[in-house]
Structure formats: structure tokens, C-alpha cells
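Here are the chains, one letter per residue:
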Amino acid sequence: MKLFKLSLLIIISLILTVPPLWPQDMNGGRGLVYVRSAWTLKPGYLTMYNHTRFFGKVGIASSTPTKARTATTYWDVQGGMSFNYGINKHIEAALSPILYQDNHKKDPGYNLPDDLFLSLKLGSYGAQGSTLSYGTMLNFRFPTGKEHNIIFEPYSAGTVEWGFTGLLTYARDPLYPEDALNVHLNLGYQNHNDVGMKFTKHKKDTTEVLSMSQQLLYGVGARIPTAQFDFSMELTGNFFIQKPPKTAFSIENYVYLTPAIVYKAYRWLSLEVSGDFLLTSTKNDETDYSVQSKIPEMPNYPGWRVSLGARLTLLPTTAYRVSEKDILMRKAQSRRELFEQIIKEQRETESAEEELERIKNERRKAERELDRLRRILEGEGTKEKKQESDDNSPQNP
């Protein structure tokens, strides 16, 4: 029975490899569904994160008086994976290809593959034993897909895009941060590098980007872990500093609320289900459709999404053979190392305080010696003046 359960979970995780990720916000490392933590993977650890997401809605295919109005279901499916590797204590690298993306064209109707993402995280910084950790991350997007500027997806220009993200994490228990409440905050910048890009519907209808499209990306979320399940809630959104041209899709600002549940099947495998709910209005459509073809009666951003994910530890292989006893021993060792560091810092502080007190005592002693010397000098000066007065008196011609 145990072997059957293990086989079933592995099959599910492999199935999830084939369809999707949120291009800008996908998180293959530590943290929540979209919001990243400031923690990096342990050195030598390699993880694989498979993520699939879909959205569907019934729309009206034709609204002209001469044609019949027919109901059509529109789908947006995207799938991919992320490989994250801990280089050392403070550096983590990630390679995240999108394997499949609906592009809503007639032929062939999808990108296979879509774009490729690279990121480098510098994190796990903070005082020893502190509840706060911080870091930063560099992000790059390479246009390996055929179609870009896809409806229902964040704006993409089909260029080499870049950005960076600030990371801040709070853990209630700094000894075992992922075993207690943890809160994560992200604030990022993205440059679409799209000056000179053209949007065309026909050869005669062309719109060129004249100003660099730029935006801020933000997210905040919290996770409450239990022995078998993790429960999380996060808020993610964007704000365009410089909007893309009006002929592009998805040029409005958005805010999504994402509740999620993670099932920790094994120490090296976890399964994730989440839902994204759009909090901003879908009625404010700013796109100019004189160049783009519009899907009838459909907003640029999906009002909801369902996501499934699986996270698998590939390296080190010892992760598959670690027992509960080993985990407790490692936790005890980490606690011991932390206590030793705290004791060392306390001793250094006490030593510094003792040295400071010694310097203060020496200073007070020196001040007393100077005061004594001053009184002696003042006393001798008084005697000399008295002697001179006696010598000059009439009684001593």
C-alpha cells in the first residue's frame, strides 16, 4: 500500500510537469505560491517545481446583427517547471522554462515552448537568531516563444526583459522558521525593454513602442504550517510606471488574492493547490483594438485561475533516506550552533563591557591624579606668593 501511494504521488508530480506558471510571479524556491521568501536553498540542494494553471469562461463568438450569436468557451492554459539550486549559504540560482502556453491563435494556437526565465537570489541575510531575514533577486526573461503579448497573461514584449526584487521575511521561530508562522514581503521592478517593438494586425496597421514599458510588482503573504498541511494566503499585484502602448493587451494594473493548501506527502515531495481571484475591476479595458483582435466580451485578465503544483527535491539523494531521528538530530545540532553563537556574542559583549569599564576606571584614576597634581601646583604657587610677600614686607628691609 505504501509503495502504491508513493508511485501515485510520483505519477501526479510528473503529470503536473506538462502544463503552467505565472510568468513574472512563479516561485520555484522557498516561500509561497507567488511571493518569494528571503531564504535561499541549502548549499547543494536542487529542487524541481512543476506547476499547472488554467482558466476558462464562456464568451459570445459573434455580436453582429447579421450573424448568429453563439456561445464559445475560451481557455487559457499554461504549464512549466523551475529548477532551483543552492550554490552556497547566500546564493541561489533558478532556471524556469515555460513549456506550454495558449496563444489563442488559429494556427497552431499555442507556444511550445514559451519563454525562459533566469534568476539569481542573494538572501538568507540577517542577524543570527533574528526573526527577520532579507535579500534581493535579479530576474531575466528570454523570448524563446513564438507569440508574445498574449491576452489573459501579463504583458510581454518579446524582448530580453529584466528586473530585480527586494525580499523580506519574518519567522516567528527563528530556529525552525518553516515550522511556525512566517510572513513574506516582495517589492520588485521590471523593465520590458520594448522601445522599437511593433504590434501589427495587418501589414498596413502597425504600432511602434516609443517609451520603455516599466512596472512595479509587489506581493505579501503568510503561511501557517502544520505537521501534514501548510495553509497560506497572499496578495500580489502590479503598478505600471510607464504603460505599454494602448494597442497591447493587459496594460491595466491588477491585484490578485491567492489562498493555497500544501500537502507535505514526504520530506522530499509536496503537492500544492491554489486559486487566484482578481480583486480589481475587469470593466476598465484600456486596450485599443484597432490593431489587435479582441476576444468578444472577455476581459484582458482572468477573473479566476486554478493552479496545481508539485515540489520535488532532486539533490542531495540523502533526502530520500533521512529518518525522523536524523531530522531531530539536525535540528538539535542547529539549535546548539545557534546557542553557541549567542553565547559567543554575549561573551564578546561582556568582554567589551569589561574593557569599557576598565577604560572608564583608568580615566577616573587619571582625572584624580591630575586633580591632585593641580592642587599641589596651586598649593606651591600659594606658598611662593606668600614668601614673596614676606620678603617685600617693611619688617624685612
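An account of the accompanying structure is given in this report. (Residues numbered from 1 in each chain as written. Predicted model: local features only at pLDDT ≥ 70, side-chain atom pairs only at ≥ 80, totals over all residues. Heavy atoms only, no water.)

1. Looking at the overall build of the protein chain
Then, number 1: Summing up its helical and strand segments, the protein chain has two helices and 15 strands in all.
Then, number 2: Taken over 397 residues, the protein chain has a buried fraction of 40%.
Then, number 3: Surface exposure of the protein chain reaches about 22400 Å², of which carbon and sulfur atoms provide 60%. (Helix = DSSP H or I, 4+ residues; strand = E, 2+ residues; numbered from the N terminus. Buried < 20%, exposed > 50% of the residue type's maximum accessible area, 1.4 Å probe, protein only. Areas by Shrake-Rupley, 256 points an atom, 1.4 Å probe, with all protein chains shown as cover.)

2. As for the pattern of salt bridges
Then, number 1: Per the counting criterion, the structure on display carries 11 salt bridges.
Then, number 2: A salt bridge links Glu357 to Arg364, with the shortest nitrogen-to-oxygen separation between them at 3.4 Å.
Then, number 3: With relative accessibility at 39%, the residue Glu357 sits in the partly exposed group.
Then, number 4: Note that Asp371 is salt-bridged to Arg375, the shortest N-O span being 2.2 Å. Taken together, the residues Asp371 and Arg375, both in helix H2 (residues 324–391) and four residues apart, mark about one turn of the helix. (Salt bridge = Lys/Arg side-chain N within 4 Å of Asp/Glu carboxyl O.)

3. Some points on the environment of Tyr320
Then, number 1: Take Tyr320: it is sitting in the loop between strand E15 (304–315) and H2.
Then, number 2: With a relative accessible area of 35%, Tyr320 lands in the partly exposed category.
Then, number 3: Once residues within four sequence positions are removed from consideration, Tyr320 is found in contact with Trp268, Thr313 and Leu314.
Then, number 4: Among the polar contacts made by the side chain of Tyr320, one reaches the main-chain carbonyl oxygen of Thr313 at a distance of 2.5 Å. (Contact = heavy atoms within 4.5 Å. Polar contact = N/O pair within 3.5 Å; in protein donor to acceptor, adjacent residues only side chain to side chain.)

4. Here's the deal with the packing of aromatic side chains
Two aromatic rings, taken as a pair, are described by how far apart their centres are and by the angle between their planes.
Then, number 1: With the rule as written, the count across this model stands at 13 aromatic pairs.
Then, number 2: Between Phe164 and Tyr189, the ring centres sit 5.5 Å apart and the planes meet at 35°, which makes this aromatic pair tilted. In this pair, Phe164 sits in strand E7 (residues 161–171) while Tyr189 sits in strand E8 (residues 182–191), placing the two residues 25 residues apart along the sequence.
Then, number 3: Judged by its relative accessible area of 15%, Tyr189 is buried.
Then, number 4: Ring geometry for Phe229 against Tyr263: centres 5.3 Å apart, planes inclined by 35°, an arrangement best described as tilted. Linking Phe229 in strand E12 (residues 229–242) with Tyr263 in strand E13 (residues 255–266), this pair joins segments that are 34 residues apart in sequence.
Then, number 5: Residue classification places Tyr263 among the partly exposed residues on the basis of a relative accessible area of 23%.
Then, number 6: Among the aromatic residues, those joined into a cluster by ring pairs are Phe55, Phe152 and Trp304.
Then, number 7: Sitting over the face of the ring of Tyr256, Arg305 holds its NZ or CZ atom 4.0 Å from the ring centroid. (Phe/Tyr/Trp six-rings, centres within 6.5 Å; stacked < 30°, edge-to-face > 60°. Lys NZ or Arg CZ within 6 Å of the ring centre and 35° of its normal.)

5. Here's the deal with the pairing of strand E6 (residues 132–142)
Then, number 1: With eight bridges joining them, strand E5 (residues 116–125) and E6 adopt antiparallel strand pairing. Within the sheet, the bridge partner assigned to Leu122 lies in E6 and is Thr136.
Then, number 2: Between the antiparallel neighbours E5 and E6 lie six residues, among them Gly126 with a positive phi of about 150°.
Then, number 3: Two strands pair when backbone bridges link them, and E6 and E7 are joined in this way by 10 bridges, in the antiparallel orientation. Paired with Met137 across the strands is Thr165, a residue of E7. (Pairing = 2+ DSSP bridges.)

6. Details of the side chain of Arg141
Then, number 1: The topology assignment puts Arg141 in strand E6.
Then, number 2: At 2.8 Å, the side chain of Arg141 and the side chain of Asp115 are in polar contact.

7. Some points on the nonpolar core
Then, number 1: If you look at the biggest cluster of nonpolar residues, it comprises seven residues: Met48, Met81, Trp268, Leu269, Leu271, Ala310 and Leu312.
Then, number 2: Elements with a contribution of two residues or more to this core: strand E14 (269–278) and E15.
Then, number 3: Look past the residues within four positions of Met48 in its chain and what remains in contact with it is Met81, Ser82, Phe83, Ala310, Arg311, Leu312 and Leu314.
Then, number 4: Formed by six residues, the second largest nonpolar core is a distinct cluster that contains Phe240, Tyr254, Tyr256 and Tyr301. (Core = buried A, V, L, I, M, F, W, Y, C linked by side-chain atoms within 4.5 Å.)

8. Re the environment of Leu185
Then, number 1: Mapped onto the secondary structure, Leu185 falls in strand E8.
Then, number 2: C-alpha separation for the pair Leu185 and Leu235, spaced 50 residues apart in sequence, amounts to 9.8 Å.
Then, number 3: If we ignore the near neighbours within four places in the chain, the residues touching Leu185 are Val35, Gly166, Leu167, Leu168, Gly219 and Val220.

9. A short note on the side chain of Ser156
Then, number 1: Note that Ser156 resides in the loop between E6 and E7.
Then, number 2: Judged by its relative accessible area of 4%, Ser156 is buried.
Then, number 3: In this structure Ser156 touches Arg141, His148, Asn149 and Glu161, once residues within four positions along its chain are discounted.

10. Considerations on unusual backbone geometry
Then, number 1: At the junction of Asp107 and Pro108, the peptide bond is cis and its omega measures out at 0° in the coordinates.
Then, number 2: Mapping Pro108 onto the fold places it in the loop between strand E3 (91–102) and strand E4 (110–111).
Then, number 3: In this structure, Pro113 follows Leu112 across a cis peptide bond, with omega equal to 0°.
Then, number 4: Along the chain, Pro113 falls in the loop between E4 and E5.
Then, number 5: The phi dihedral of Asn149 is positive, around 55°, even though this residue is not glycine.

11. With respect to the environment of Gln214
Then, number 1: Tracing the backbone through its elements, the reader meets Gln214 in strand E11 (residues 214–225).
Then, number 2: Overall, Gln214 belongs to the partly exposed group, its relative accessible area being 22%.
Then, number 3: Along the sequence, Gln214 and Gln190 sit 24 residues apart, while their C-alpha atoms lie 5.7 Å from each other.
Then, number 4: Setting aside its immediate chain neighbours within four residues, Gln214 contacts Tyr189, Gln190, Asn191, His192, Phe240, Ile241 and Gln242.

As far as function goes, none of this settles anything; it's purely spatial.
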